Each structure stands twice: as structure tokens, then as C-alpha cells.
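Working through the structure, step by step
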Amino acid sequence: MRIDENGNIEVECNEDYEKGIINDYGITSDPSQIVYTKDLIHCVGLGLVADGNNIRKRGLMHVHHNPKFNQKSARDFIGNMILPERKVIETNSALESFLRDFQKSENGVLFSKPSAIMVYVRSLLIDRTKEKIILRDDITGKLNEREIEDINQYGNLMADYIKKWLETKNISLYASDARTNKKMHDILNMREDPKETFSKQFALKHDKIAIGMYNKSGIMLNRKDYEAAFLELNI
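As a further point, take the overall build of the chain. Of regular secondary structure, the chain possesses five helices and 13 strands. Across the 235 residues that make up the chain, the buried fraction comes to 43%. A separation threshold of at least 6 residues defines the contact pool for the chain, and within that pool the share at least 24 residues apart is 62%. Surface exposure of the chain reaches about 13400 Å², of which carbon and sulfur atoms provide 47%.

Right, here's the structure in full:
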């Protein structure tokens, strides 16, 4: 974490990455301070927001996820991909620390019931499905059966884990799986990302959320619509 040249908090900064620091987070109740993270490719940005006694508290965690683990050893008994046990233990400990620090009293106010926002990219191919279809020859009328394969089932196992963790904490969730041609209200949904979205940036301002989406060349894809007010989101 670092305080940038504008006094804002950047979590999982380049210096952290070079030092091997992961699962970084920052928390603020200063209305003038922005907390943000960059380069959400496989990782997940988890934001917490809570109000109390005219104080708005915001926290942002860059939850580490490296999808390059051995997929054969990371499937459950029915074949679904799951996180390795070591990664689950590591992530759960980091999430618990983040929530505990966020809920600490400030000026006598406990922030025990935050709302959550998640920003991430669906980038990991989680399954291939095959199905049989029937085709009719327009000339002969003959029916032919053919098997087709669908390899477009992408997901983010870390995001799925965090969703379940939030449920155990009774924390309400806005989730971001953005389509670049949609408005902000549609960005905060569970739909699949277009494949041109390579990474995201996530910022929590005092009264707005900003989500920037970028392709592999670093070009911002949603420049005309990248932020919305918390009031619009009913947080």
C-alpha cells in the first residue's frame, strides 16, 4: 500500500508486487481521500462501504489469485474446479483481517454492517461442454446428428469463493462482471465479460465508485461511463 502524490491510497502498488506483498488493503473515512487498486486481471477487488454518525468508511482489498495451479489436483469429486486448500486458508485469513480492521470503532462508531462491491474479470476457462444437435438438410430433408463443443465457460474461482464468504458474514453484495457496451447499472451484474476486457481498475471515492476496463494494449474501453454515485447504487 502507498499514499500517492495526490494523497490517495493505492493498494497492491508496484512496490508491493515487487516485494511479494499480496492481499493488500487500505481503509479510509477521509471524504477527500480515494482508495483504489489497479491491474485486476485474475485478482479480485473487494470494496466495503458503511455509514455511521455522519461518517462514511470505505475499504478496498486486492485479493490475490493466481490461476496457474495444477487444475487436475484442484477439482472436487464431481469434476468442478475449486481453489487449492492452501489458497483457501491463505485467502480466508486475509479476508478476516480486512473485515476485522474495517469494523473497528471510529469516534465511537462501529461499522459492523458494511455493503460490499466486487470488481474482477472472468478470465479462467473453467469447463468445456459438449452437446448433440440435429441438423436438417434443406434439400434432402435428411436429419444429421452432430456433436458440438462449447469452450466459452469462463469464470473466476476467487470471486466465487469471496461471494460465498460474504454470504457467511451476511454482507450484501454488488458484483461487477462488466460488459463494455453497457451502462454502469448493467456493469454491476453477473454477466460474462467480453473477451476484449483484459484488466480492470477499481476506485472507491467518498460518494462514487469508478471501474475502469482496459484491453491488453492498456486502452480504456469504457471512458464515457466509468463511475456512478453511491446513491444511484443504493449502497
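Another aspect to go through is the packing of aromatic side chains. Enumeration according to the criterion identifies one aromatic pair in this entry. Each ring, one from Y25 and one from F98, has its centre 5.0 Å from the other, and the planes form 45 degrees; the classification is tilted. Of this pair, Y25 sits in strand β3 (residues 25–28) while F98 sits in helix α2 (residues 85–102), and the two are 73 residues apart along the sequence. A residue is classified by how much of its surface remains accessible, and F98, at 0% relative accessible area, is buried. Of note, K57 hangs over the ring of F102, and the distance from its end group to the ring centre comes to 5.6 Å.

Look at α2: 26 Å from first C-alpha to last across 18 residues, which is about the 26 Å you get at 1.5 Å a residue. Here α2 has its buried residues at K87, T91, A94, L95, F98, L99 and F102. Seen along its axis, α2 keeps its buried residues to an arc of 135 degrees; they face one direction. Among the exposed residues of α2, those pointing more than 90 degrees away from its buried face are E85, R86, I89 and R100. The inward-facing, buried residues of α2 contact β3, β5 (44–52), β6 (55–63) and α3 (157–168).

Side-chain pairs of opposite charge can arise whenever the charged atoms involved come near each other. In total, this model carries 11 salt bridges according to the counting rule given. The salt bridge partner of R56 is D51, with a shortest N-O separation of 2.8 Å. On the accessibility criterion, R56 (14% relative accessible area) is buried. The shortest N-O distance in the salt bridge between R86 and E90 comes to 4.0 Å. One end of the pair is R86 and the other is E90, both in helix α2 and four residues apart, which spans about a single turn. Accessibility expressed as a relative area gives 27% for E90, which makes it partly exposed. One connected set of salt bridges, linked through shared partners, spans R2, E5 and E10.

Running from N to C, α2 and α3 point in directions that differ by 50 degrees, and their axes come no closer than 11 Å. Taken together, α2 and α3 sit at an angle that is classed as oblique. Every pair of crossing elements has a handedness; the one defined by α2 and α3 is right-handed. Taking contact as the criterion, the partners of K87, V88, T91, N92, L95, E96 and L99 in α2 are, on α3, M158, Y161, I162 and W165.

Turning to the nonpolar core, a few remarks are in order. V44, L46, V63, L95 and I162 are the most contacted members of the largest nonpolar core, which totals 27 residues. Those elements giving two or more residues to this core turn out to be β5, β6, α2, β7 (115–119) and α3. No other element matches α3, which puts seven residues into this core. Formed by 14 residues, the second largest nonpolar core is a distinct cluster that contains V35, I117, V119 and I209.

Residue position: D4 is located in the loop between β1 (2–3) and β2 (9–11). A distance of 2.8 Å separates the side chain of D4 from the backbone nitrogen of N6, its partner in a polar contact. A polar atom in the side chain of D4 sits 2.7 Å from the side chain of Y36.

For the rest of this paragraph, the subject is the sheet that holds β2. If you trace the six strands from one edge of the open sheet to the other, you get β1-β2-β4-β11-β12-β13, paired in mixed fashion. Two strands in the sheet have a free side with no partner beyond their single neighbour: β1 and β13 (227–229). By the bridge criterion, two bridges tie β1 to β2 in an arrangement that is antiparallel. In the strand pairing of β2, I3 is matched with I9.

About the thresholds
Residues numbered from 1 in each chain as written. Predicted model: local features only at pLDDT ≥ 70, side-chain atom pairs only at ≥ 80, totals over all residues. Heavy atoms only, no water. Helix = DSSP H or I, 4+ residues; strand = E, 2+ residues; numbered from the N terminus. Buried < 20%, exposed > 50% of the residue type's maximum accessible area, 1.4 Å probe, protein only. Contact = heavy atoms within 4.5 Å. Areas by Shrake-Rupley, 256 points an atom, 1.4 Å probe, with all protein chains shown as cover. Phe/Tyr/Trp six-rings, centres within 6.5 Å; stacked < 30°, edge-to-face > 60°. Lys NZ or Arg CZ within 6 Å of the ring centre and 35° of its normal. Expected span 1.5 Å × (residues − 1). Arc of directions from axis to C-beta. Salt bridge = Lys/Arg side-chain N within 4 Å of Asp/Glu carboxyl O. Axes fitted to C-alpha atoms, helices over the stretch in contact; angles between N-to-C directions. Parallel < 35°, antiparallel > 145°, perpendicular 65-115°, else oblique. Left-handed = near helix turned anticlockwise from the far one by under 90°. Core = buried A, V, L, I, M, F, W, Y, C linked by side-chain atoms within 4.5 Å. Polar contact = N/O pair within 3.5 Å; in protein donor to acceptor, adjacent residues only side chain to side chain. Pairing = 2+ DSSP bridges.

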